[in-house]
Amino acid sequence: MSVLNGKKILLGISGGIAAYKTASLVRLFIKAGAHVQVIMTPASKDFITPLTLSTLSKNPVYSSFYNQDDENEKWNNHVELALWADLMIIAPATANTVSKMANGTCDNLLIAAYLSAKCPVYFAPAMDLDMYKHPSTLANFTFLKQFGNTIIPAESGELASGLSGEGRMAEPEHIVAFITDDLNSKLPLKGKKILITAGPTYEAIDPVRFIGNHSSGKMGFDIASSAANLGASVILISGPTNCTVSNPLIHVIPVVSAEEMYLACHQFYADVDAVVAAAAVADYRPKHVAQQKIKKAATNFVIELEKTKDILASLGLLKKNQFLIGFALETENEIENAKLKIQKKNLDLIVLNSLQDEGAGFGKATNKVTFIDKFFHIESMELKSKEAVAADILNKIMMHFGMQR
Ligand code: CTP
């Protein structure tokens with residue numbers, strides 16, 4: 001999934017021939033899952049029509065402070081537009097618009113929105129080669145960079161003037177790639193490795209039967225997506241589930257039994273910064289696995305079970321700097337049992353699920369959890385979607401690393 005997915009992008013278009021390329025730019029943003037609103041300077045409307053951009057962005061396009069066609073709602077609120085945006089991109093940014101941005105010359109809606117924006121601002125200059133190299137333009141670029149804006153450098157090639165050189169607006173694909181790379185490089189968990197266990201384990205009885213549980217794996221997979229969306233590299237060790245991943249930062253290691261999960265966890269553990277054990281690992285497995293299918297015979301049939309290894313406890317024993325998060329599924333004496341698990345497994349945090357809470361547990365889209373840390377601070381959360389619980393867990397991990405979302 002692109003880092004632009006779900007982002008609100010305010011695209012400012014100023015009046016240069018490269019404006020015609022913004023139709024492709026809007027399409028690429030939308031394709032990446034972004035929401036786009038467009039502000040045009042009056043001059044840019046000579047190069048591309050508002051209708052094209054409103055059709056592609058599926059939103060009204062703004063270009064003046066007043067909306068003459070609308071009797072009731074006359075004012076186009078530049079502050080609202082600016083505060084709506086997660087990102088503002090000015091493309092093409094002509095020499096004139098760059099100068100206005102640098103000097104705060106607020107004579108159109110685009111500059112008014114730019115001056116009101118609190119989000120990151122990117123600008124993609126487009127002008128003739130001598131204008132691009134002119135000391136006043138370069139000084140304006142320096143100003144804008146000092147303000148914290150990011151320049152998407154112009155490219156070289158044939159220019160509208162007939163001359164050839166640097167000054168062409170970066171191609172729409174390059175603008176999208178530039179912003180994507182830039183946002184990815186700034187993700188808060190970039191460089192962190194997180195190991196996550198998910199799903200049930202299946203413990204074989206014979207070649208066709210097993211002991212398992214109802215875990216869907218959704219909670220662990222949602223945590224993995226959340227972590228990867230924040231830039232972490234994720235090792236997701238999962239028992240059999242129907243869940244899938246889309247983020248390339250998630251490396252799935254499929255396992256079946258508790259023993260396989262144990263071995264996979266230990267293979268990666270030394271190298272990771274945090275662990276979230278969301279798997280519902282079988283506590284017992286058949287002591288003897290029949291090599292052939294067991295035939296029906298006596299009235300009663302007894303399977304002798306032996307304990308599986310406690311994966312999380314074994315990781316707790318070897319803990320160096322890893323931030324260790326476990327889950328506890330309880331039906332009675334929840335808090336006391338969860339506290340005991342923190343101590344027994346040497347955890348930093350436990351996510352307690354109570355099956356007494358309606359909407360919590362296996363196979364549900366929602367979960368109601370209580371966080372208990374190793375100092376026994378307790379924080380009870382509302383009933384939320386599993387995605388929102390995953391986001392809360394990632395917030396805890398970020399707080400541990402001294403970061404904020
Ligand atoms: N866990 C594990 N390995 C096991 C059993 C559990 O890694 N063999 C992990 C789970 O992934 C979870 C935590 O330990 O993060 C607690 O699991 P839970 O089933 O609630 O607790 P148990 O330790 O199995 O204790 P009990 O079943 O007696 O409550």
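Residues numbered from 1 in each chain as written. Predicted model: local features only at pLDDT ≥ 70, side-chain atom pairs only at ≥ 80, totals over all residues. Heavy atoms only, no water.

Within an unreviewed UniProt entry, the label attached to the chain reads Coenzyme A biosynthesis bifunctional protein CoaBC, and the organism entered is Flavobacterium fryxellicola.

### Remarks on the side chain of Ser63
Tracing the backbone shows Ser63 in the loop between β3 (61-62) and α3 (78-84). At 2.9 Å, the side chain of Ser63 and the side chain of Lys45 are in polar contact. When residues no more than four places from it in sequence are discounted, the contact partners of Ser63 are Met40, Pro42, Lys45 and Leu109. (Helix = DSSP H or I, 4+ residues; strand = E, 2+ residues; numbered from the N terminus. Polar contact = N/O pair within 3.5 Å; in protein donor to acceptor, adjacent residues only side chain to side chain. Contact = heavy atoms within 4.5 Å.)

### Topic: the sheet that holds strand β4 (residues 87-93)
Ordered by their spatial adjacency, 6 strands build an open sheet running β3-β2-β1-β4-β5-β6, and the pairing between neighbours is parallel. Strand pairing shows two members of the sheet lacking a second neighbour, β3 and β6 (150-151), which therefore form its edges. Pairing of strand β5 (residues 121-125) with β6 involves 2 bridges; the strand directions are parallel. Looking across to β6, one finds that Phe123 is bridged to Ile151. The sheet strands contacting helix α2 (residues 50-57) are β1 (8-13), β2 (35-40) and β3, and the helix crosses β2 at an angle near 165°. In the packing of helix α4 (residues 95-103) onto the sheet, contacts are made with β4 and β5, and the angle to β4 comes to roughly 140°. (Pairing = 2+ DSSP bridges. Axes fitted to C-alpha atoms, helices over the stretch in contact; angles between N-to-C directions.)

### Thoughts on the packing of helix α1 (residues 22-31) against helix α8 (residues 172-185)
Two elements in contact, α1 and α8, have axes separated by 9 Å at closest approach and are oriented at 40°. By the angle between their directions, the pair α1 and α8 is classed as oblique. Judged by the sense of rotation from one axis to the other, the crossing of α1 with α8 is right-handed. Only Pro172, Glu173, Ile175, Val176 and Ile179 of α8 make contact with α1, whose side of the interface consists of Ser24, Leu25, Leu28 and Phe29. Residue composition of the contact of α1 with α8, grouped by class: 7 nonpolar, 1 polar and 1 charged. (Parallel < 35°, antiparallel > 145°, perpendicular 65-115°, else oblique. Left-handed = near helix turned anticlockwise from the far one by under 90°. Nonpolar A, V, L, I, M, F, W, Y, C, P; charged D, E, K, R; others polar.)

### So, the site of the ligand
Surrounding the ligand, one finds 16 residues, the nearest of these being Ala277, Ala279, Phe327, Lys341 and Lys345. Between the ligand and Leu329, the relevant distance is 3.1 Å, taken from an oxygen atom to a main-chain nitrogen or oxygen of the residue. Lys345 places a polar side-chain atom, nitrogen or oxygen, 2.5 Å from an oxygen atom of the ligand. Relative to its free-state accessible area of 560 Å², the ligand is covered by the protein chains to the extent of 77%. Of all the secondary-structure elements, those providing two or more residues to the shell around the ligand are α11 (311-317), β17 (323-330) and α12 (334-345). The element that contributes the greatest number of residues to the shell around the ligand is β17, accounting for 4 residues. Of the residues belonging to the shell around the ligand, the class tally is 9 nonpolar, 2 polar and 5 charged. (Near = heavy atom within 4 Å. Areas by Shrake-Rupley, 256 points an atom, 1.4 Å probe, with all protein chains shown as cover.)

### A few points about α12
Because the α-helix completes a turn every 3.6 residues, residues three or four places apart line up on one side. The end-to-end C-alpha distance of α12 is 16 Å, a good match for the 16 Å that 12 residues give at a rise of 1.5 Å each. Buried within α12 we find Glu334, Ala338, Lys339, Ile342 and Lys345. Projected down its long axis, α12 carries its buried residues within an arc of 150°, all on one side. Exposed residues pointing more than 90 degrees away from the buried face of α12 are listed as Leu340, Gln343 and Lys344. Looking at the buried positions of α12, the neighbouring elements they touch are α11, β17, β18 (349-354), β19 (366-373) and β20 (378-385). (Expected span 1.5 Å × (residues − 1). Buried < 20%, exposed > 50% of the residue type's maximum accessible area, 1.4 Å probe, protein only. Arc of directions from axis to C-beta.)

### What about the packing of helix α9 (residues 218-229) against helix α13 (residues 386-400)?
At a minimum axis separation of 8 Å, α9 and α13 run at an interaxial angle of 55°. When the interaxial angle is binned, α9 and α13 end up oblique. In the crossing of α9 with α13, the sense of the turn from one axis to the other is right-handed. Here Lys218, Met219, Asp222, Ile223, Ser226 and Ala227 of α9 come into contact with α13, specifically with Lys386, Glu387, Val389, Ala390, Ala391, Ile393 and Leu394.

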